[in-house]
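Architecture and fold: a report
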Amino acid sequence: MKYYRYFTSEREHGPTQPHLVAVDGSDAYDLTAASEALRSFDDLAKGAAISMRSIDDVAAGYLEDATPIDSDDLGERAAVPVVAEGVWAAGVTYEISEEARESESTLPEVYQQVYQDERPELFFKATPSRTVGPNEAVGIRGDSTWDVPEPELGIVLYDDEVVGYTVGNDMSSRDIEGKNPLYLPQAKVYDRCCALGPCISSPGTVADPHDLRLAMTIERDGEVCYDEETSTSKLVRTVDELVSYHTRHDATPRMGVLLTGTSLVPEDEFTLQEGDVVSIEIESIGTLRNPVTTV
Ligand code: DO4
Ligand code: MG
């Protein structure tokens, strides 16, 4: 199944708390309407961990009492699907990313090394305050001149176990990181630097995270100015390997997201502009769409 956080009424009409919605095939159900104890994906993950059942099994037990909703509304009203205390990200996990860093960096050998090394590059990416959901604006830094979206498969973790997958955008400044790899935190972590959504797909819904079609389009002034696709089969690490390095010797927060690295990089001449719209689609999950603003 797929899980959304969903505003049951228009957000403009006052403060509303999103509900947890399960999508089973083409049918959508408001799980929060069935039980107040199910307000978020965290609640579902906690229930699954306590009862030692899968997320989908726990959700299935509530479908009969849940209110059916119109799945056409989900795109417009979806909130960030998981409030992860920490979003982390892996880097240089696809050949295309390694080549792009080599060409942008004053220290290309750093990237060659990490691409080949046993230990992956993992870095802290975002807090909830820096993370946006579907349809919310992602940011480009006002002091950056070369900016790109990074479309990435996101692993959703609860108590260090994989409980789902989502779509992530690791917004990045190429000129700041390119000048010196030690500037990475500034190139990566700033207001609106990360987008997640539109939903979480359970492990049972994603047959193989290492074989998913991933596509990205960027629109400017109503025209498509970037349109490419690839596959997570080009990832040179496994999900288990990345999770293993991420969770060792660190008491990670209960609910977390680990992005797996970018598999698409626009040509060097390309930089994002305010007003652009980025859409990232991953097979078996959905499409994350965000306009771009300057922060
Ligand atoms: O090494 C810098 C970051 C790389 C990255 O974010 C990626 O490969 O996706
Ligand atoms: Mg990245």
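First, a word on what this report is: a plain description of the structure on this page.

Here is what the cut-offs are and how they apply
- Residues numbered from 1 in each chain as written.
- Chains lettered and ligands numbered in written order.
- Predicted model: local features only at pLDDT ≥ 70, side-chain atom pairs only at ≥ 80, totals over all residues.
- Heavy atoms only, no water.
- Near = heavy atom within 4 Å.
- Polar contact = N/O pair within 3.5 Å; in protein donor to acceptor, adjacent residues only side chain to side chain.
- Areas by Shrake-Rupley, 256 points an atom, 1.4 Å probe, with all protein chains shown as cover.
- 1 Å grid on protein atoms, 1.4 Å probe; cavity = no way out; pocket = protein on both sides within 12 Å on 5 of 7 lines; lining within 4 Å.
- Sits in = over half its atoms within 2 Å of the grid points.
- Helix = DSSP H or I, 4+ residues; strand = E, 2+ residues; numbered from the N terminus.
- Nonpolar A, V, L, I, M, F, W, Y, C, P; charged D, E, K, R; others polar.
- Axes fitted to C-alpha atoms, helices over the stretch in contact; angles between N-to-C directions.
- Parallel < 35°, antiparallel > 145°, perpendicular 65-115°, else oblique.
- Left-handed = near helix turned anticlockwise from the far one by under 90°.
- Contact = heavy atoms within 4.5 Å.
- Buried < 20%, exposed > 50% of the residue type's maximum accessible area, 1.4 Å probe, protein only.
- Pairing = 2+ DSSP bridges.
- Donors = N, O, S within 2.8 Å, 3.2 Å for Na, K, Ca; no water.
- Salt bridge = Lys/Arg side-chain N within 4 Å of Asp/Glu carboxyl O.

Turning next to the site of ligand 1. Within the structure, ligand 1 sits among 16 residues, and V92, S97, E121, K188 and T262 are positioned closest to it. Measuring from an oxygen atom of ligand 1, one finds a backbone N or O atom of V92 at 2.8 Å. At a separation of 2.6 Å, an oxygen atom of ligand 1 approaches a polar side-chain atom of S97. Here ligand 1 has 280 Å² of accessible area as a free molecule, and 99% of this is covered by the chains. Judged by the proximity of its atoms to the pocket grid, ligand 1 belongs to the largest cavity. Of all the secondary structure elements, the ones that give two or more residues to the shell around ligand 1 are β6 (86–91), α5 (95–104), β7 (121–126) and α8 (184–188). Tallied by class, residues from the shell around ligand 1 come to five nonpolar, four polar and seven charged.

Where α5 contacts helix α6 (residues 108–116), the axes come no closer than 8 Å and their chain directions differ by 160 degrees. Judged by the inter-axis angle, α5 sits roughly antiparallel to α6. Pair α5 / α6 crosses with right-handed handedness. Taken together, the residues of α6 that come into contact with α5 (itself represented by E95, E98, R101 and E102) are P108, Y111, Q112 and Y115. Looking at the contact of α5 with α6 residue by residue, the classes come out as three nonpolar, one polar and four charged.

Mapped onto the elements of the fold, D170 is located in strand β12 (residues 161–170). Among all residues touching D170, those that are not within four sequence positions of it are F123, K125, V148, P149, E150, E152, K188, C193 and L259.

The next point concerns the environment of E118. Tracing the chain through its elements places E118 in the loop between α6 and β7. The class for E118 is exposed, based on a relative accessible area of 63%. Between the alpha carbons of E118 and R53 there is a distance of 33 Å; along the sequence they are 65 residues apart. Apart from the residues lying within four places of it in its own chain, the contact partners of E118 are R237, E241 and Y245.

One open sheet accounts for five strands, arranged β9-β19-β18-β15-β16; its pairing is mixed. In this open sheet, the two edge strands, each paired with only one partner strand, are β9 (138–140) and β16 (223–231). The average angle at which neighbouring strand axes cross in this sheet is 20 degrees, direction not considered.

With that settled, consider the coordination of the magnesium ion (ligand 2). For the magnesium ion (ligand 2), the full set of protein donor atoms is E150 (OE), E152 (OE) and D170 (OD), and the range of their distances to it is 2.0 Å. All donors of the magnesium ion (ligand 2) come from a single chain, and their spacing in sequence reads E-x1-E-x17-D. Of this pair, E150 sits in the loop between β10 (147–148) and β11 (151–158) while D170 is found in strand β12, placing the two residues 20 residues apart along the sequence. Each member of the pair, E150 together with D170, is buried.

Judged by how many residues are buried, strand β17 (residues 255–259) sits mostly within the fold: five of five residues are covered. Of the two faces of β17, the one lined by M255, V257 and L259 and the one lined by G256 and L258 are each fully buried. When β6 meets β17, the two strands line up parallel, connected through four bridges. The partner of G86 across the bridge, within β17, is G256. Note that β11 and β17 share five bridges and pair antiparallel. Directly across from I155, in β17, lies its bridge partner L258.

Once that is clear, we can look at the pattern of salt bridges. Pairing between side chains of opposite charge can happen when their charged atoms approach one another. Applying the stated criterion across every chain, the model contains 16 salt bridges. Salt-bridge contacts for D143 lead to R141; the nearest nitrogen and oxygen are separated by 2.7 Å. Across the salt bridge formed by R213 and E229, the nearest N and O atoms sit 3.0 Å from each other. Residue R213 is located in strand β15 (residues 213–220), and its partner E229 is located in strand β16; the two are separated by 16 residues in the primary sequence.

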